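The primary structure of each chain is shown beneath.
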Amino acid sequence: MNTEPPIAIEINCETGVETVRPLTAEEIAQRTADMARAEAERAEKEAKEATELAERTALATWIAGHPDLPEAARNALARATGVTLPALPA
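One structure accompanies this document, and this report is about it. In this text, all values refer to a predicted model and were calculated from it rather than measured experimentally.

Scoring rules and cut-offs
Residues numbered from 1 in each chain as written. Predicted model: local features only at pLDDT ≥ 70, side-chain atom pairs only at ≥ 80, totals over all residues. Heavy atoms only, no water. Helix = DSSP H or I, 4+ residues; strand = E, 2+ residues; numbered from the N terminus. Rg over C-alpha atoms; globule rule 2.2 N^0.38 Å. Buried < 20%, exposed > 50% of the residue type's maximum accessible area, 1.4 Å probe, protein only. Contact = heavy atoms within 4.5 Å. Areas by Shrake-Rupley, 256 points an atom, 1.4 Å probe, with all protein chains shown as cover. Core = buried A, V, L, I, M, F, W, Y, C linked by side-chain atoms within 4.5 Å. Salt bridge = Lys/Arg side-chain N within 4 Å of Asp/Glu carboxyl O.

## Remarks on the overall build of the chain
Across its full length, the chain holds two helices and two strands. Walking the chain from its N terminus toward its C terminus, one meets helices and strands in the order β-β-α-α. Against the globule reference of 12 Å for 90 residues, the chain gives a C-alpha radius of gyration of 26 Å, more extended than a compact globule. Within the span of the chain, comprising 90 residues, buried residues form 9% of the whole. Of the contacts made within the chain by residues no fewer than 6 positions apart, 13% connect residues no fewer than 24 positions apart. Per element, the accessible surface of the chain, about 7400 Å² overall, is 59% carbon and sulfur.

The following block contains the structure:
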């Protein structure tokens, strides 16, 4: 693990002078908060995607289990939900 304090690199656009300085306590706190928020958003997105996949899979399973549904209804449900259904037996 890196034990060096985080730094900020600032470049003066007019002069091109580069300044390297340690981050302030406020900047470190903000960076930590930003990283935590990004991680929470990523986890929330993954959970939402997993839920949607489970719902689509459940619907596809339900539709596949009802071969008595008219083919047009099966196809419409599949298109509306983005699921792929197995072909009906001939």
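On we go from here.
## A word on the nonpolar core
The nonpolar side chains of a soluble globular protein tend to be buried, and buried together. The biggest cluster of nonpolar side chains holds five residues, and these are Ala60, Ile63, Ala78, Val83 and Leu85. In contact with Val83, other than residues within four places in its own chain, are Arg56, Ala60 and Ala78.

## Some details on the pattern of salt bridges
A full pass over the atoms with the stated rule returns seven salt bridges. Ionic pairing is found between Arg21 and Glu10, a salt bridge with its closest N-O pair at 2.9 Å. Taken together, the residues span a long stretch of sequence, with Arg21 in strand β2 (residues 18-22) and Glu10 in strand β1 (residues 7-11) at a distance of 11 residues. We classify Glu10 as partly exposed; its relative accessible area is 36%. What you see here is one network of salt bridges that share partners, running through Glu10, Arg21 and Glu27.

Just geometry here; none of it tells us what the structure is for.
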